[in-house]
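The residues making up each chain are set out below.
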Amino acid sequence: MGRLTATSPAVAGGGFRPDIEGLRGVAVASVLLFHAGVPFAQGGYIGVDMFFVISGFLITGLLIREKERTGRIRLGAFYARRARRLLPAAGAVVLATVAAAWLIFPPLRLKELAYDAVASALSVANWHHIGRQTDYLAGHTDPSPLLHFWSLAVEEQFYLVWAPLAALCVLAASWKKALALAIALIGAASFAVNLWWVEASGPLAYLGTPTRAWQFALGAGLAFVPALAAAWPRRARVGLAVLAGAGLAASIVAFDSGTPFPGYAALLPTLATGALIAAGGDSAKPLSWSWLRRAGRLSYAWYLWHWPVLVLFEAAAGPQHWVAKLGLVALAAAPAWLTMKLVEEPLRFRAPTVNRTSAGLSVGASSVILPVIAALMVGSGAVTVLSEQSDRAELQAGEAGTRWAAGLPASTDTTLPLYPSPGDAAEDYGTAGECQLEPEETGHPDCVRGEGGGRIVLFGDSHASQWLPAFEAMASERGMSVEVLAKSGCPVADMTVGNDQLGREYRECDRWREDMVERIEDGPAPALIAVGTLNRYTWDAAEAESAWERSFERLTATGAPVAYLRDTPFPGFDVPACLSDEPSDWGACSFERAEAVWDDPVADGIASGGFDGVGIADVSSLVCSTASCPAVVDNLLLYRDDSHLTTAAVRALAPRLEHELVTSGLLAPARPSAPTVAPGDGWEVAFRDDFTGEAGERLSDEWVYDTGTCYPGCPADNWGTGEVAVHTDSTDNVAQDGRGNLAITPLRDEDGGWTSGRIETAKGDFLPPEGGVLRMEASLRLPDVDPADGIGYWPAFWAMGADLRDGYTGWPATGEVDIMENVNGSGETWGAMHCGTVTGGPCQEETGGLGSEPQTCEGCSASFHSYAAEVDYGAGEVRWYLDGSRFFTVTREQIGETAWNDALGNGLFLILNVAVGGNFPDAFHRGPGLTPDADTVSGEPMLVDHVAVYTRGPR
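About the criteria used
- Residues numbered from 1 in each chain as written.
- Predicted model: local features only at pLDDT ≥ 70, side-chain atom pairs only at ≥ 80, totals over all residues.
- Heavy atoms only, no water.
- UniProt positions renumbered as here; feature names shortened; annotations may be inferred.
- Helix = DSSP H or I, 4+ residues; strand = E, 2+ residues; numbered from the N terminus.
- Phe/Tyr/Trp six-rings, centres within 6.5 Å; stacked < 30°, edge-to-face > 60°.
- Buried < 20%, exposed > 50% of the residue type's maximum accessible area, 1.4 Å probe, protein only.
- Disulfide = S-S within 2.5 Å.
- Pairing = 2+ DSSP bridges.
- Core = buried A, V, L, I, M, F, W, Y, C linked by side-chain atoms within 4.5 Å.
- Contact = heavy atoms within 4.5 Å.

Asks: Lay out the UniProt feature "domain: GH16" (unreviewed entry) in the protein with the relevant residues and their values.
Replies: Mapped onto this numbering, the UniProt entry gives "domain: GH16" (unreviewed entry) at residues 681-955. Secondary structure content for residues 681-955 is 6% helix and 37% strand, while the C-alpha to C-alpha distance between its ends is 11 Å.

In structure tokens form, the structure reads like this:
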């Protein structure tokens with residue numbers, strides 16, 4: 001962003017230069033086009049460079065003329081002129097921006113703006129943004145409406161040094177030579193620093209005053225020799241102007257955010273601007289067009305206003321198309337014109353500010369002090385709100401996230417405070433600390449957390465290191481340590497990427513990655529190498545797969561299992577800031593899964609066995625299992641910024657991540673198994689099985705195997721559903737897997753016949769205390785099939801009324817609660833209730849029972865999800881839950897007292913099975929014939945992590 005001065009466009013000799021006024025118009029137009037996001041003006045940021053050159057020419061010309069006219073340079077008068085010309089308008093915009101933001105911004109963003117406003121008013125905005133690692137060219141999710149004040153700060157800092165230095169130079173006998181030497185030395189040194197810093201840090205190079213001084217120096221040199229091109233023939237000067245104009249146009253069109261800048265690239269717009277100044281006003285007639293000159297006269301105020309207008313509007317109304325943004329920056333001319341007429345011009349041209357130095361300095365001081373006071377008042381108010389939220393979270397948040405983590409119904413009580421509070425979440429930077437290197441660093445310290453014989457290596461960028469608390473817990477349970485190898489913005493995949501903070505190719509990442517892989521190779525084989533990175537480094541699937549394959553080959557060659565941590569959903573906006581305005585409106589900050597979860601060809605390749613020795617741990621579908629992803633679950637704030645999980649969320653998810661790793665065979669189970677305990681909140685454990693037996697072990701006597709194709713006496717063939725599999729008690733079909741799961745596996749024999757497994761709890765009458773609640777739940781990973789190879793698969797978790805076991809007749813009056821059903825490898829599940837009579841009954845058996853709408857469950861065949869139903873005898877409700885979220889309810893009033901009592905009054909028993917074929921899969925089969933078909937794959941199990949029954953008394 002360029003800083004537009006209000007200095008009159010006069011040549012060093014004193015004559016008015018309308019072309020320079022027009023040149024200002026070109027500069028501000030390029031900046032406006034760039035900020036509007038106009039496609040053909042991605043290099044419009046070079047308007048900054050144009051203004052710096054123009055400013056150097058005009059201000060130095062004023063100093064030279066003052067020396068020639070008075071014999072000296074009066075610094076007080078100089079700074080008084082600067083103050084009254086620039087600071088009132090700037091102060092007015094800061095005040096207006098803070099006031100508008102107070103109405104629009106949430107407290108967390110308002111707090112940050114207060115810091116920005118103070119830095120802007122004090123002319124240190126550039127260093128403030130450098131300290132925050134602001135990459136101006138890359139853009140920001142939530143940019144500051146005062147970001148553009150950085151260039152005003154650069155200019156004021158330059159003249160804070162340049163004016164006194166010029167005043168000293170003119171004291172010399174040969175003052176022109178001294179001044180020329182000073183200009184040359186400053187320009188040379190600054191350009192060298194520019195080339196150095198552009199390689200080291202993008203924000204430092206772009207926003208730093210030392211890297212910009214050479215552009216002011218070039219303009220100053222032109223002011224020192226204003227007749228540089230005057231002796232040239234007009235045709236030559238016109239040719240120079242044409243070339244210079246082409247250089248500016250090329251910069252605006254060809255440059256973009258990926259151009260290393262300033263660097264050598266800045267020479268083109270800087271020298272082109274200098275050439276236009278040197279060529280003289282009669283060499284570039286378009287610059288003297290009246291409309292362009294009017295834009296130039298308005299340029300300072302227009303520049304000040306356009307960015308706050310754009311940012312504040314988008315904060316209130318959401319992101320806009322570039323056409324709309326172009327209209328917004330154009331409309332900013334209205335407040336700019338008012339500011340010019342009501343603030344700038346009166347204070348520039350009217351007594352007493354013009355005639356008295358002290359008056360000009362007082363105006364400037366007031367223009368600084370008032371915005372600072374306003375910013376401090378607004379900022380302190382925001383801090384108070386955030387502190388109150390934090391205090392309330394500490395006192396009242398309760399067990400945030402614990403119900404969700406345990407698979408229980410997540411709290412929907414939005415009166416509970418968020419934990420962590422939005423302010424605390426924004427200051428949660430993870431736990432990696434010095435173990436996560438910044439972009440410019442390459443030497444990684446020894447970072448080992450914990451003690452133990454074996455070690456887990458956590459390797460990747462910040463999306464890997466966010467999981468450190470989870471891996472520390474896993475390592476501690478197993479007597480191991482965790483070695484942390486993390487670097488910001490650096491993927492484990494063997495690919496070269498760019499870095500926004502450095503503003504260039506990320507060479508430090510390549511060096512660090514190679515060093516870390518060698519460190520792993522040279523050390524003892526870890527128990528596990530967990531790798532994870534942001535899934536947005538490249539759009540090219542082939543490039544990503546090839547790069548990961550190279551890295552996987554070296555890591556698996558160490559003999560250690562490698563776990564790929566699939567990236568979690570990416571909100572793309574500052575979640576804590578969003579929630580800080582109204583913490584009780586959890587849904588206001590939800591986001592679309594389709595935009596937050598990108599395709600991951602590497603994860604897909606691992607899942608299909610494409611990378612030997614590599615497994616996948618995927619909890620993304622637990623964080624977001626529906627089309628709309630939550631920002632808050634169970635009053636637990638999930639995100640600390642626009643993409644990283646809060647430490648509290650990671651700790652809540654740690655058991656689920658551990659289960660993924662153990663189930664995949666990547667990590668040995670912790671022994672001994674944790675004892676079964678009640679989940680709290682008044683619940684008592686009536687039954688629970690965590691399937692902790694050895695691989696191939698049969699079930700305990702708490703379970704009954706259903707075998708054959710019907711119940712004893714065969715009251716209904718094929719289990720009354722038309723399914724084709726024969727259920728067995730063979731461990732080929734039903735067995736524990738040694739990793740804490742039960743596997744129920746359908747198999748097809750050589751003749752095309754199918755066998756599978758179906759089990760029931762031995763206890764047949766689970767009931768709560770009178771008037772209480774019965775909760776039945778299971779954590780399941782559905783068979784890994786899809787509609788292409790899963791036609792006929794029918795996994796289910798359900799319960800039947802106790803009376804069915806009295807002769808196995810009387811259905812549906814005896815009752816059935818289908819907690820989870822899925823067919824044909826679809827990504828959907830259902831819940832349903834059966835009761836009454838087959839025809840004309842209250843449960844609508846003619847249409848398949850009282851069923852829910854299909855529930856989209858992304859990843860249900862890739863990771864474990866919680867399915868539950870609660871029978872609330874006091875409230876007269878049956879409630880269905882998927883991952884703690886209720887999606888369906890049947891009431892006693894709906895089905896009537898008699899049907900309710902017959903179906904549920906004597907208790908229930910649980911059933912788990914994977915049927916093959918039958919009425920339900922057939923009904924959803926779109927192809928010819930019945931299910932299964934020739935493409936149906938054999939041997940894909942439903943994995944059961946645990947099954948539990950809880951009871952709770954009435955409340």
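Asks: How would you summarise the packing of aromatic side chains if you had to cite specific residues and measurements?
Replies: A complete count under the given rule lists 39 aromatic pairs for this structure. Their ring planes at 65 degrees and their centres at 6.5 Å tell us that Phe78 and Tyr159 sit as a pair that is edge-to-face. With Phe78 in helix α3 (residues 75-104) and Tyr159 in helix α6 (residues 149-169), the pair connects residues that are 81 residues apart, well separated along the chain. An identical accessibility class is assigned to Phe78 and Tyr159; each is buried. The interplanar angle of 80 degrees and the centroid separation of 5.8 Å between the aromatic rings of Tyr159 and Phe216 together place this pair among those described as edge-to-face. Of the two residues, Tyr159 is situated in helix α6 and Phe216 in helix α9 (residues 213-224); the sequence distance between them amounts to 57 residues.

Asks: Explain the state of the cysteines residue by residue, including any values.
Replies: All chains considered together, the criterion is met by seven disulfides. Residue pairing for Cys710: its cysteine sulfur links by disulfide to Cys714, the two sulfurs lying 2.1 Å apart. Of note, the bridge from Cys710 to Cys714 carries an S-S torsion of about -110 degrees and is left-handed in sense. With a relative accessible area of 16%, Cys710 lands in the buried category.

Asks: How would you summarise the sheet that holds strand β20 (residues 754-756) if you had to cite specific residues and measurements?
Replies: Read across the open sheet, the three strands follow the order β16-β20-β19; overall the sheet is mixed. Every interior strand has two partners, whereas the edge strands, β16 (726-727) and β19 (747-748), have only one. Looking at chain direction, β19 and β20 are connected through two bridges and run antiparallel. Across the sheet, Arg748 pairs through a bridge with Trp754, a residue of β20.

Asks: Got a sec to walk through the pairing of strand β25 (residues 828-834)? Specific residues and values, please.
Replies: Summarising burial for β25: six of the seven residues are buried, a large majority. Sheet analysis places strand β24 (residues 816-821) next to β25, joined by four bridges and oriented antiparallel. Counterpart to Val817 in the pairing with β25 is Met833. Between β24 and β25, which pair antiparallel one after the other, the connecting turn spans six residues, and Asn824 there sits at a positive phi close to 60 degrees. Taken together, the two bridges between β25 and strand β26 (residues 850-851) define a ladder with antiparallel strand orientation. Bridge pairing in β26 links Ala832 to Gly851.

Asks: Report on the nonpolar core, specifying residues and quantitative values.
Replies: If you look at the biggest cluster of nonpolar residues, it comprises 105 residues, and the most contacted ones within it are Phe149 and Trp162. A total of 13 residues in this core trace back to one element, the largest contributor, which is helix α12 (residues 290-317). Setting aside chain neighbours within four positions, we find Trp162 in contact with Thr60, Leu63, Leu179, Ala182, Ile183, Ile186 and Ala220. Residues Ala432, Met480, Leu565 and Ala652 belong to the second largest nonpolar core, which totals 56 residues.

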